[in-house]
Structures are given as C-alpha cells and as structure tokens.
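Geometric and topological summary
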Amino acid sequence: MLAVQDFGGQIDGRPVKVIWYDENGPQTTQQNMQKLVEQDHVVGVTGGISSGDMLAVMPIAKRSQTPLIVTGANATQITGADCNRYTFRVDLPNYTTTRTVYPSLTKHGKNWYFISASYAWGIDGYKQMKGLLDAHGGKVLGADKTPLGTSDFSSYILKVVSKQPDVLFLGIGGSDLTNFLKQFHQMGLTGKIPVSALVANDTDFWAAGKEDATGVYPKIWNYTGDQNTAKSLAFAKAFQNKFGKPPESEAWQDYFGMSALLTAIKQTGSTDSNKLINFLENHKFEGYKKRPIYFRKWDHQLIQSTLVAKVRKSIPDRYNYFKIDSVQPAANKPLESIYPDQSESNCHMNAN
Amino acid sequence: MDAMLLTSQLINGLVLGFLFVLIAVGLSIIFGMLGIVNFAHGAFFALGAYVAWTLKPYVGGVGVLFLAPLVVFGIGLVAERLLLRPLYNKEPLLGLLLTFGLALFIEEAIRTIWGSIGHPYDAPAFLSGFIHYGPVFVTQYRLAVLTVTIVVLIAVWFFLEKTRFGRIIRAGSRDGEMVNMLGVNLSRVFMLVFGLGTALAGMAGVLAAPLWSVVPSISEQAIMPAFVVVTIGGLGSLRGAIVSGLLVGVSVAMTIQFWPAASGAVMYLLMVAVLLVRPRGLFGETWERFE
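Please read these numbers as outputs of a predicted model, since none were measured by experiment.

Digging into the overall build of chain A
If you tally the helices and strands in chain A, you get 11 helices and 14 strands. Rg of the C-alpha trace for chain A: 20 Å, near the compact-globule value of 20 Å for 352 residues, within the 12% margin. Seen through its C-alpha atoms, chain A measures out along the principal axes to roughly 65 × 45 × 45 Å. Here chain A, with 352 residues, has 58% of them falling under the buried criterion. A fraction of 66% describes how many contacts in chain A between residues 6 or more apart in sequence connect residues 24 or more apart. Entry remark: accessible area of chain A is about 14100 Å², with carbon and sulfur atoms responsible for 49%. Counting 38 positive and 32 negative side-chain charges, chain A places the averaged centre of each group 4 Å from the other.

Below, the structure is given as structure tokens:
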C-alpha cells in the first residue's frame, strides 16, 4: 500500500499492519468486516466499491465503534439517510457529480434522453439530473431504465436515435457502460449525439477502446492534468512504478482513504476511535488537491473539488483518455456549493 | 409510437436473436449428445473472447474466428478426457457439479492470466459501418454475426444428420453399448463432440467480443441466455434452439421498446410460460435414457 509507504510503514515506532479482505456481495463483506473488528482488532477500516456492500457493513462500524472510511461507493444514503458517526465517505454523491457536469452539457441543448440502471444509484442519479434540467427549463425526451448487467443496448440506442436528443445522459457504469460505448460507436453515433454519465471509471473506458470512447464526464480525480498537486503526481508516479500502469481514479480514492486514517492515527498519537473521529471531523487535508479537502462534520462526506473530464480527440496511449476541461466549483465559489446542504440532506447523525 | 420504429426493433430483435442462437447451440449439442449439462459453457465462451484478444495482433480479426475456437476445442478435449469421461455412467448431478467447478476454475484462470480489468476489442475495420435503409438500422458487424451463425448452423446440421460420423454420434447417444459392440470407439467420439460444443462456445465468444466488454464476467453474461434459450427450445434440439433464440431476441427488443426495466426478466418469464405449457420445451424430445 502506497499510503503506508508514505508513512514509512510505521507511526511513532509502531509498525502499521494492513489486513486485507475481499468485498464480494453484502453477506461476505459483512462477515469479513466482523472478522476485521472481532478477530483482527483493527483500528480502522477503509475501502469499498459497492454501495450495497458498504451499506451492509456500516452498522457494524457503528456497533463496534470502528472508524470506516468508504472510498468508492456512490449511494447518496451513505452520507444521507443512513449516515452514522463512524462512517466517512471519499467518493462523490450523485448530487455532486450531476452538478459538476450539468453546465458543460446544457450548452448542447435542452432536450435530453436518459438511460439509467434500474437500481438505487442509477435512479437517484436520474432524479438529480432531471431536477436540474427541469429547473432550467429543459425537457426529458425519454428515460429508460435498464437492468444491471445489460449486455445489449442496440434496442435502447434505436429509441434514442428516433428521438434525436441534444444530450444523452447515462446512469450506468462498469461493463454496462463499456458495452454501451462499443455498440453506440458501431451504430455510427460516436460524436453525433453528445454523451455523458454519472460516473467515469477509467477502467471502463480502457476496456471500450480509443475509437469507442466519447463524451464529457464528472470525475473525482485524474492522473494527468494541471489540477494535480505535487503529492498527487508523486502518488501517480509511485503507482506507475509499482503496477506498471497509471492509477485509475479509484486508486487515488483508496490511497486518500488510507492516508486519512494514518494521518489521524499519527496526529492524535492514538488508536482510540473517538479521538480519531474527532480528528477526521475537524482536520483539513492539504496537498491532495489544490484546495484543502475535509470531511464535513454533520454528514462525514469528503468535501473536495471535482473535475469535468472530456475524452480526448486523439488518445495518445492505452490509458490517457481524459483531458480536464475545468475544476468545479469555480475558484471563487465555496467547495460546499456542489454538495447538498443540511436542509437538502436526510442525514441526522444524532438521531441514527 | 410509429410503425417504423417498431419494425426497426423487430429486425434488431431478430438479429440479436441470432447471437443468442449462436451462444446456445454448443450447449444444446453437448446436452443432446452427451447428456451433460455443461455449466462451463459460459467459461469456454469467455476463453474464446480472451484467446481471440491475445491472438488478434498476430492473425487479425478474421483469423481469430478460426484459430481461437480451435484453441478452445483443444482445451475442451483435454477437459473431457481428464474430467468428464469418468462420469458418463454416473449420476447426472455429478457432471453438473463438475462443470460448475470447471467454470469457476476457468474464470479464475482468466483473471490470473489476463487480469480483472477489461480489454478493448473492436470489430474488423471492413465491418465497422452500418446499414440504414427505411426501418432497417443494423450494423454491418451484426449482419456478419448473423451470416456466420447461419453458416455454422447449416454445417452442424449437415455434420450431425448427413455424415457417417454424425450418425455414430446420434446412435451412440441413444444406445452407447450397442454402438460400442459394433466396433466403434465411442469414447473418442464423445470427446470430439464435447470439443465441438466448446469450440462453438469459443466461436460465439470471439464474435461477441466486439459487442460486449471483454471482462472476466463476460462468461456470466453468456451462460444465462444460453440456458434459457436451450430450455425454451427443448433440451438437445437444434431446431428448438434456433426458434427460441429468435423468440428471446424479439421479446427482449420489444420489451425494451415498451417497458425497458423488465427487459432483463422477459426471457425468464418466457421460459416459465413455455415450460408451463410444454414442460419439455418447444421441441423437446422424449429420451429413453432419462425416463
């Protein structure tokens, strides 16, 4: 783990030991979380990609009073309705990703088509984006739900083509997004209808290939671009040296999650969970992004700038797909302007 | 709702159906001839896609269509000889368990060899266009898949029905003891049939690679439609696989038109409906061996 290396593998002379378990499905993840807490007596837990898995282990974090830093799950309720005192989240909620990319898309026109995965994340993302579109006088030409794990999008694409939307907004990710991009390209539509999505995981684009990748996306981090700090470039370099390929954005999220935990242990000189949480709630992390980033006290969402990333016209190598158009929010606006405020959120930590 | 779009969806569904037929046909043959429910079918499909990805830089997009299934054929022969052969006269459940284990093993091997992230795979350049004429909006690549599927189906039918070898296979699958007594080395025949079934899975994998993401879970995306198509069509029936593949393709396309959220479930509903009326599937035959 590169974050542990940053700390020289130890804190105050005590070695840092990383215990690593798999996350595959809510039930096993729950069992593994139990193991970490009960057998391994860990100080804190970090990681996690699937919202379902994370929502399943959050109660364990709370019950055992173990700090849990969720790095890669997007469901709104992690720092919304289901938030708790022991859970922190690095990744962006749909509220933020939609607000990041909306201004770049609306210049193409106001008639949009949506294809969204028919589960919590996709549906929530559709509602968020539709809300923005409605508020600005836009029109939804069509909105289709697609089952998770859809392999063939040709019938959906036919519907999209028949409506000729100004923007096609996708609420799908993983191999579904890859499948979509490949089939969209084969039907000769790449570049004809502007495409965007709730999320842009680098690996989905690497898998689609240079010809097929297209669109403008919200992104949490990117290994190239001027927005990177010295620390973030150093991380990208160390990652490249170790794994022989550049880091995708999730790698940075995991790196930051681990760094945050280790910083908390080092600065407080303690492994006491209340002290760690107190620290995480109040510390401003410098150097990871240009503006200091921090976990908001009342919902534990990491407040950070986001990127508007555009797929390059000509992609120079197997990995360098994105050109960073802008950093959001603009420098004169507070970071929290793209996050839900307390009145819009369902997080009531004291009640939970 | 205009008629034009509906016609487009219908045609698209038929083209999609041919992809389903191709995925299912190998599974159907292995069951029909050997009586084995090959749970590893999806894994052989994935192997086809991955082997094609590896070989494509050397032999090109068309070359892999022949070479990759050949490699999968070889792997299928080995798997049959080492793992399945001892199980032919035992409980059918054992074959099911074994192929299920084999599927997990192959998927894990794919992760180890090729990694867990996806690989880009494009259609050959000469097939990258599309045809848009009236209600017909089909990519050239999908038409090519359709053509290959038809050629493969004719070849398989000819092989099983019109050649001496095919007659031995069919006779052997009904009464192996008798065929053995006539001096035919039946175990070698069965090995070839299993190899053929896996090669067809591999070929489907090669053809699906430009349409789907080449990731380890591609095997799961293939196995479910394959089973559903074979079940609807009737286990072991080639004709059934064709009819039901097209039926599933059209149902999926039409559901996406009218109720997209249900498009993942529609093939299962279709299966339930068919099985309620015809428990053997549309063209299922009576089998002495399993009665």
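Continuing now.
Things to note about the overall build of chain B
The helix and strand inventory of chain B stands at 10 helices and 2 strands. Sequence-ordered secondary structure for chain B, helices as α and strands as β, is α-α-α-β-β-α-α-α-α-α-α-α. The C-alpha atoms of chain B give a radius of gyration of 19 Å, which matches the 19 Å a tight globule of 291 residues would have. Structurally, chain B occupies a C-alpha span of about 60 × 50 × 35 Å along its principal axes. Contacts in chain B between residues far apart in sequence, at least 24 positions, make up 75% of those at least 6 positions apart. As displayed, chain B offers around 12800 Å² of accessible surface, 71% of which is attributable to carbon and sulfur atoms. Averaging the coordinates of the 16 positive side-chain charges in chain B and doing the same for the 13 negative ones gives two points 8 Å apart.

Considerations on the pattern of salt bridges
Residue and element names in this part refer to chain A. Counted under the stated rule, the structure contains 11 salt bridges over all chains. Note that R296 and E336 form a salt bridge whose closest N and O atoms lie 3.0 Å from each other. On the criterion of sequence distance, the pair formed by R296 in the loop between β11 (294-295) and β12 (302-303) and E336 in the segment after β14 (322-328) is long-range, its members being 40 residues apart. The class of R296 is buried, set by a relative accessible area of 4%. Ionic contacts of the salt-bridge type, sharing partners, join the residues R296, D299 and E336 into one network.

A word on the environment of D212 of chain A
Tracing the chain through its elements places D212 of chain A in the loop between α8 (202-208) and β10 (216-219). Sequence-distant contacts of D212 of chain A, that is, excluding residues within four places in its chain, are made with L181, K182, H185 and T190 of chain A together with D122 of chain B.

Here's the deal with empty space enclosed by the protein
Residues and elements named next belong to chain B. Evaluated as defined, the whole model comprises 1 cavity of 30 Å³ or more. Of the pockets and cavities examined, the largest cavity occupies roughly 40 Å³. Contributions of two or more residues to the lining of the largest cavity are made by α1 (3-34) and α4 (140-162). Considering only residue class, the lining of the largest cavity consists of 6 nonpolar, no polar and 1 charged.

Comments concerning the pairing of strand β13 (residues 306-311) of chain A
All names here are of chain A. For β13, the buried fraction is high: 5 of the 6 residues fall into the buried class. Summarising the sheet, β10 and β13 pair through 4 bridges and their orientation is antiparallel. If you follow Y217 over to β13, its bridge partner there is A309. Across 6 bridges, β13 lies against β14 in antiparallel orientation.

Side note on the sheet that holds β10 of chain A
All names here are of chain A. The 3 strands are arranged β10-β13-β14 in an open sheet whose pairing can be described as antiparallel. The outermost strands of the open sheet, each flanked by one partner alone, are β10 and β14. The average undirected angle you get between the axes of adjacent strands in this sheet is 30°.

A few points about the packing of aromatic side chains
For any pair of aromatic rings, the description consists of the separation of the ring centres together with the inter-plane angle of the planes. This structure, assessed with the given rule, holds 33 aromatic pairs over all chains. Measuring from ring centre to ring centre gives 5.1 Å for F88 of chain A and F295 of chain A, while their planes differ by 70°; the resulting arrangement is edge-to-face. Of this pair, F88 of chain A sits in strand β5 (residues 87-89) while F295 of chain A sits in strand β11, and the two are 207 residues apart along the sequence. Arranged with centres 5.5 Å apart and planes meeting at 40°, the rings of F159 of chain B and F165 of chain B form a pair that is tilted. Looking at F165 of chain B, the relative accessible area reads 27%, which means it is partly exposed. In textbook terms, an aromatic cluster arises when at least three aromatic residues are bridged by ring pairs, as seen for F88, W221, F235, F239, F243, W252, Y255, F256, F285, Y288 and F295 of chain A. Above the face of the Y86 of chain A ring, R85 of chain A is positioned so that its terminal group lies 5.6 Å from the ring centre. The ring of Y121 of chain B has K56 of chain B lying over it, and the distance from NZ or CZ to the ring centre is 4.5 Å.

Points about the interface of chain A and chain B
Contact residues are listed per partner, giving 31 residues for chain A and 33 residues for chain B. Our enumeration of links across chain A and chain B arrives at 1 salt bridge. For D152 of chain A, the salt bridge goes to R142 of chain B, with nearest N and O atoms at 3.0 Å. Inspection of the chain A/chain B interface yields 18 residue pairs in polar contact (both at pLDDT 80 or more). Listed by contribution, the elements that provide at least two residues to the side of chain A that touches chain B are β7 (139-146), α6 (154-163), α7 (174-186) and α8 of chain A.

Side note on the state of the cysteines
Residues and elements named next belong to chain A. Inspection of every chain in the model, using the stated rule, returns 1 disulfide over all chains. Between the sulfur atoms of C83 and its disulfide partner C347 the distance amounts to 2.1 Å. In this structure, the disulfide formed by C83 and C347 twists by about 85° around the S-S bond and is classed as right-handed. Of this pair, C83 sits in the loop between β4 (68-70) and β5 while C347 sits in the segment after β14; the two residues are 264 residues apart in sequence, bridging distant segments of the chain. The class for C83 is buried, based on a relative accessible area of 1%.

Cut-offs applied
Residues numbered from 1 in each chain as written. Chains lettered and ligands numbered in written order. Predicted model: local features only at pLDDT ≥ 70, side-chain atom pairs only at ≥ 80, totals over all residues. Heavy atoms only, no water. Helix = DSSP H or I, 4+ residues; strand = E, 2+ residues; numbered from the N terminus. Rg over C-alpha atoms; globule rule 2.2 N^0.38 Å. Buried < 20%, exposed > 50% of the residue type's maximum accessible area, 1.4 Å probe, protein only. Contact = heavy atoms within 4.5 Å. Areas by Shrake-Rupley, 256 points an atom, 1.4 Å probe, with all protein chains shown as cover. Lys, Arg positive; Asp, Glu negative; His and termini not counted. Charge placed at Lys NZ, Arg CZ, Asp CG, Glu CD. Salt bridge = Lys/Arg side-chain N within 4 Å of Asp/Glu carboxyl O. 1 Å grid on protein atoms, 1.4 Å probe; cavity = no way out; pocket = protein on both sides within 12 Å on 5 of 7 lines; lining within 4 Å. Points joined across faces, edges and corners; volume = space filled by probe spheres on them. Nonpolar A, V, L, I, M, F, W, Y, C, P; charged D, E, K, R; others polar. Pairing = 2+ DSSP bridges. Axes fitted to C-alpha atoms, helices over the stretch in contact; angles between N-to-C directions. Phe/Tyr/Trp six-rings, centres within 6.5 Å; stacked < 30°, edge-to-face > 60°. Lys NZ or Arg CZ within 6 Å of the ring centre and 35° of its normal. Polar contact = N/O pair within 3.5 Å; in protein donor to acceptor, adjacent residues only side chain to side chain. Disulfide = S-S within 2.5 Å.

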